[in-house]
Each structure stands twice: as C-alpha cells, then as structure tokens.
Amino acid sequence: PYYRLAEERGLSEDDFYVHYFRLGLKLDSSADLLRLLEKTRQSKNPDLIRMQATIRMNAGEFQRALEFNLQLLSNGHYVEEDLARTGELLCRTGTGMSGLQGTKLNDAAISRIRVGFEKCEGTRRKGPDVRDPVLQPAL
C-alpha cells in the first residue's frame with residue numbers, strides 16, 4: 001500500500017519502479033505487476049527492461065520476453081543471467097540461434113547464449129516411452 005501511495009503522489013523514478021517490481025514479485029501481486037509492466041514498457045532503463053523480460057518469461061509470454069532481452073543485448077546493457085535467459089527464450093520460442101542475427105555480440109556472449117539454448121533443448125526433449133509392467137504387461 002505504501003508503494004501505491006508513493007506512486008499516486010508522483011514518485012516515478014526508475015529506481016522506485018525497480019524496487020516496486022521486486023516487491024510485487026516477492027508478494028506475487030499480479031495486479032500491481034501488470035500495472036507496472038504497462039507503465040514501464042517504454043523505459044530505456046536496463047533494470048526495468050530486465051524486469052519486463054523476467055516477468056513476461058515467468059508468465060509464459062516468451063516472444064515478448066525475448067524482445068525485451070534482445071533490446072538489452074543490442075544496447076550492450078546485459079549481465080551474465082541475461083545471456084542464459086536469451087538462450088532459453090530462443091529455444092522456447094522456436095526461433096533458434098538464428099534469432100541473434102543483427103546483434104553485435106562477442107564470441108563469449110554467443111557461447112553463453114548457446115549453453116542456455118542447449119540446456120533448454122535438453123530439458124524439452126521427450127524421453128523414451130517407458131512401459132509400466134503392472135499396468136501394461138507384456139503380451
């Protein structure tokens with residue numbers, strides 16, 4: 001409630017919104033998070049862009065989260081966790097590593113993205129069908 005009051009009274013700095021996002025995530029306050037996502041979607045602050053990507057990814061909006069992550073990469077304001085998240089998002093959207101075309105990243109960054117991509121692919125692969133001998137006895 002105090003964050004809502006502060007916002008109503010005109011506090012709208014980027015640092016305020018970053019703390020507000022973190023509190024909304026801790027409290028799992030979807031109404032506040034949705035309102036904050038809309039209010040800060042045009043922001044150029046890397047921390048707010050990162051929060052947009054994280055929240056949208058957690059909500060299953062992989063394509064929109066990827067757009068925000070690629071915005072971070074193109075601006076050069078990324079951290080190690082952004083690279084891994086980008087790899088996972090490229091996997092989940094079905095874009096593949098070709099989605100990085102046009103970004104000017106060094107080889108180490110691309111390698112880190114590839115690790116995240118391959119890790120995601122490994123978890124999404126369907127395992128072998130295992131027959132339960134009690135429920136499906138052999139013929």
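Everything discussed here concerns the structure shown above.
Thresholds, definitions, all that
- Residues numbered from 1 in each chain as written.
- Predicted model: local features only at pLDDT ≥ 70, side-chain atom pairs only at ≥ 80, totals over all residues.
- Heavy atoms only, no water.
- Axes fitted to C-alpha atoms, helices over the stretch in contact; angles between N-to-C directions.
- Helix = DSSP H or I, 4+ residues; strand = E, 2+ residues; numbered from the N terminus.
- Parallel < 35°, antiparallel > 145°, perpendicular 65-115°, else oblique.
- Left-handed = near helix turned anticlockwise from the far one by under 90°.
- Contact = heavy atoms within 4.5 Å.
- Nonpolar A, V, L, I, M, F, W, Y, C, P; charged D, E, K, R; others polar.
- Buried < 20%, exposed > 50% of the residue type's maximum accessible area, 1.4 Å probe, protein only.
- Phe/Tyr/Trp six-rings, centres within 6.5 Å; stacked < 30°, edge-to-face > 60°.

A. View of the packing of helix α4 (residues 46-58) against helix α5 (residues 62-75). For the pair α4 and α5, the least separation of the axes is 8 Å and the interaxial angle reads 155°. As judged from the angle between their axes, α4 and α5 are roughly antiparallel. Here the hand of the crossing between α4 and α5 comes out left-handed. Two secondary-structure elements touch here, α4 through Pro46, Ile49, Arg50, Gln52, Ala53, Arg56 and Met57 and α5 through Phe62, Arg64, Ala65, Phe68, Asn69, Gln71 and Leu72. Here the residues of the contact of α4 with α5 sort into 8 nonpolar, 3 polar and 3 charged.

B. Structural context of the side chain of aspartate 32. Inspection of the secondary structure assignment puts aspartate 32 in helix α3 (residues 30-40). For aspartate 32, a relative accessible area of 8% puts it in the buried group. Among all residues touching aspartate 32, those that are not within four sequence positions of it are Arg4 and Tyr20.

C. Fine view of the packing of aromatic side chains. Within this structure, the stated rule accounts for 2 aromatic pairs. An aromatic cluster of three or more residues is present, and its members are Phe16, Tyr17 and Tyr20.

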